[in-house]
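# Analysis of the macromolecular model
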Amino acid sequence: MRQVYMDYSATTPVKKEVLDAMMPYFTEHFGNPSSLYTYGLEAKDAITKARGQLAHLIGANPDEVYFTGSGSEADNWTLFGVTDKLAKKGNHIITTQIEHHAILHSCEFLQKHGVDVTYVGVNPDGTVKLDEIEKAITDKTVLISVMLINNEVGTIQPVKEIAEIAHKHGVLFHTDAVQGLGNTPINVHEMGIDLMSMSAHKIYGPKGVGALYMRKGVNASNYLHGGAQESGHRASTENLAGIVGFGKAAEMAEANLENHIKNCSALRNYLIEQVTKTIPGTTVNGTMEHRHPGNANITFEYIEGESILLMLDSVGISVSTGSACSSKSLKPSHVLTAMGVPVEKIHGTIRFTVGDFTTKEDIDYVVENLAKIVARLREISSVNEKKGW
Ligand SMILES: *Cc1c(COP(=O)(O)O)cnc(C)c1O
């Protein structure tokens, strides 16, 4: 059976070149980067090279990039580290209702420990309400955190404008760029970003390695305590092979950025066009104007998304409902809820995300099967008669 992976926002396969770059660092060059003999120095050099590759992709200085264990860790580090560092100035942070759970659940934890959090809403097209961000700022605000690209509906947020608002009021700006990295051009200095979270496994690198960009001078408190790795900012013996893989993936993402955006958005637009043309009762969620090149988030009226997901899986197609993190619970997606999508429509929503290995034939296979599956599911539901589908 044909296998069609269409969930690149959940994770991506490791590219062959990335794996090839990593392999020697498990075996021959296995040294501890903190050791002072040759094995250690080789390992340290490999990390320096990877740091340069990632820094280059985002327009940062290499000494502003700190490797972490994941994108989630970079988000946690930012929130805990900035609120601790600036506790004397204030205890208020501003974020949005559509952030990844790594931000939202960290904020909930901080609220139990005396931090005030404002969750700004979004417009029906998924873009954040800029004026509400500015209105929410008080003299106690220490951080504004708004994601660069939303993982469910793919909306690209105007982070440069948000950073300007933050800086006008002397507030630090963080962006979760886990979905943005490799999918839209990023220059942290030009965009005024003070802290930024990244993850390797969303850009064809390995799982379990991420990074935090922290502008020189920001100095958020440490989150992991122990040894003096990452210039004393993040303890733990480095994930050497993982970091080498992240560096290689970043280098490839930079070389491939324009092509990647062009190819993915063409395939994604073809998918949306075919689905909305051949299947009645479908709507695309989120703006088409500033959008993740691979993201198609589509509601199929009067059907359960989980039923579609399982039936697609039975013909070898992988997609997700709402977001991967909430696909195990029946709680409606917090992102679509914030956009004002009614609950029954949220339950019929599927996220398709295409990537570098997706082909036009894959899309045709998905559309063909999707049309059959949707027709079948509507046949066995009572709304079919009413709607005449
Ligand atoms: C995947 C993702 C994360 C989490 O990154 P991990 O490396 O899997 O912990 C955080 N934010 C966004 C927007 C994501 O898509």
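From a predicted model like this one, the values you see are computed outputs, not experimental measurements. (Residues numbered from 1 in each chain as written. Predicted model: local features only at pLDDT ≥ 70, side-chain atom pairs only at ≥ 80, totals over all residues. Heavy atoms only, no water.)

### What to know about the overall build of the protein
Per the secondary structure count, the protein includes 14 helices and 13 strands. Its C-alpha radius of gyration of 22 Å places the protein within 12% of the 21 Å reference for a compact globule of 389 residues. Principal-axis analysis of the C-alpha atoms places the extent of the protein at approximately 70 × 55 × 35 Å. Counting all 389 residues of the protein, 56% fall into the buried class. Counting only contacts in the protein whose residues sit at least 6 apart along the sequence, the fraction spanning at least 24 positions is 73%. Both charge centroids of the protein, one from 35 positive and one from 44 negative side chains, sit 2 Å from each other. (Helix = DSSP H or I, 4+ residues; strand = E, 2+ residues; numbered from the N terminus. Rg over C-alpha atoms; globule rule 2.2 N^0.38 Å. Buried < 20%, exposed > 50% of the residue type's maximum accessible area, 1.4 Å probe, protein only. Contact = heavy atoms within 4.5 Å. Lys, Arg positive; Asp, Glu negative; His and termini not counted. Charge placed at Lys NZ, Arg CZ, Asp CG, Glu CD.)

### Considering the domain arrangement of the protein
By the assigned domains, the protein splits into domain 1 (4–11 + 257–380) and domain 2 (16–252). Buried area between domain 1 and domain 2, both sides added, is near 2400 Å², and the carbon and sulfur share of it is 55%. Ranking the residues of domain 1 by area buried against domain 2 places His292, His334 and Met339 at the top, with a combined share of 23%. Joining domain 1 to domain 2, the criterion identifies 15 residue pairs in polar contact (both at pLDDT 80 or more). Breaking the side of domain 1 that touches domain 2 down by element, the ones donating at least two residues are helix 9 (240–278), strand 10 (295–300) and helix 11 (334–338). The biggest single contributor to the side of domain 1 that touches domain 2 is helix 11, with four residues. (Domains from an automatic or database assignment. Buried area = accessible area lost by both parts, 1.4 Å probe. Polar contact = N/O pair within 3.5 Å; in protein donor to acceptor, adjacent residues only side chain to side chain.)

### Regarding the site of the ligand
The local shell around the ligand holds 13 residues, among which Ser72, Asp176, Gln179, Ser199 and Lys202 are the closest. Separating an oxygen atom of the ligand from a side-chain N or O atom of His201 is a distance of 2.8 Å. Starting from 380 Å² of accessible surface for the ligand in isolation, the protein chains cover 89%. With three residues, the top contributor of residues to the shell around the ligand is helix 3 (residues 71–85). Here the shell around the ligand is built from residues that sort into two nonpolar, eight polar and three charged. (Near = heavy atom within 4 Å. Areas by Shrake-Rupley, 256 points an atom, 1.4 Å probe, with all protein chains shown as cover. Nonpolar A, V, L, I, M, F, W, Y, C, P; charged D, E, K, R; others polar.)

### Details of helix 4 (residues 101–111)
Of all the positions in helix 4, only Ala102, Ile103, Leu104, Ser106, Cys107 and Leu110 are classed as buried. Of the surrounding secondary structure, the elements contacted by the buried residues of helix 4 are helix 3, strand 3 (92–96), strand 4 (116–120), strand 5 (141–145), strand 6 (172–176) and helix 11.

### Let's talk about empty space enclosed by the protein
A probe matching the size of a water molecule, rolled over the atoms, marks out where space remains unfilled. On inspection of all chains with the given rule, the structure shows three cavities of 30 Å³ or more. When grouped by side-chain class, the residues that make up the lining of the largest cavity number 10 nonpolar, nine polar and three charged. Taken domain by domain, the lining of the largest cavity gets at least three of its residues from each of domain 1 (4–11 + 257–380) and domain 2 (16–252). (1 Å grid on protein atoms, 1.4 Å probe; cavity = no way out; pocket = protein on both sides within 12 Å on 5 of 7 lines; lining within 4 Å. Points joined across faces, edges and corners; volume = space filled by probe spheres on them.)

### Notes on the environment of Thr276
Within the secondary structure, Thr276 is located in helix 9. Judged by its relative accessible area of 35%, Thr276 is partly exposed. Thr276 sits 162 residues away from Gly114 along the chain, and the two C-alpha atoms are 48 Å apart. The residues touching Thr276, leaving out its near neighbours within four places in the chain, are Thr282 and Val284.

### Re the side chain of Arg378
Tracing the backbone through its elements, the reader meets Arg378 in helix 13 (residues 360–379). One buried charged residue, Arg378, remains without a salt bridge, the closest side chain of opposite sign being Glu301 at 6.3 Å. Polar side-chain contacts of Arg378 include one of 2.7 Å to the backbone oxygen of Pro280. (Salt bridge = Lys/Arg side-chain N within 4 Å of Asp/Glu carboxyl O.)

### A word on unusual backbone geometry
Positive phi outside glycine occurs at Glu230, with the angle close to 50°. Residue placement: Glu230 occurs in helix 8 (residues 229–232).

### Focus on the nonpolar core
By size, the foremost hydrophobic cluster in this structure holds 63 residues, and its most contacted members are Leu54, Ile58, Ile144 and Phe246. In terms of residues, this core owes the most to one element, helix 9, which gives nine residues. Mapped onto the domain boundaries, this core takes at least three residues apiece from domain 1 (4–11 + 257–380) and domain 2 (16–252). Core analysis: the second largest hydrophobic core is formed by 28 residues, Cys264, Ala296, Ile298 and Phe300 among them. (Core = buried A, V, L, I, M, F, W, Y, C linked by side-chain atoms within 4.5 Å.)

### Observations concerning the packing of aromatic side chains
This structure, assessed with the given rule, holds nine aromatic pairs. For the ring pair Phe80 and Phe109, a centre distance of 5.6 Å and an interplane angle of 45° mean the geometry is tilted. Residue Phe80 is located in helix 3, and its partner Phe109 is located in helix 4; the two are separated by 29 residues in the primary sequence. In this structure Phe80 comes out as partly exposed when scored by relative accessible area, which is 21%. Residue classification places Phe109 among the partly exposed residues on the basis of a relative accessible area of 38%. Grouping aromatic residues by their ring pairs yields a cluster made of Tyr5, Tyr8, Tyr204 and Phe357. When the ring centre of Tyr365 is taken as reference, the NZ or CZ atom of Arg2 above it lies at 5.8 Å. The ring of Tyr204 carries the charged tip of Lys15 above its face, separated from the ring centre by 4.3 Å. (Phe/Tyr/Trp six-rings, centres within 6.5 Å; stacked < 30°, edge-to-face > 60°. Lys NZ or Arg CZ within 6 Å of the ring centre and 35° of its normal.)

### A word on the pairing of strand 13 (residues 349–353)
Most of strand 13 is tucked away, with five of its five residues classed as buried. Summarising the sheet, strand 10 and strand 13 pair through five bridges and their orientation is antiparallel. Note on strand 13: the bridge partner recorded for Thr299 is Thr349. Bridge analysis of strand 12 (residues 320–321) against strand 13 gives two bridges, and the strand direction is antiparallel. Its bridge partner lying in strand 13, Ser320 is registered against Arg351. (Pairing = 2+ DSSP bridges.)

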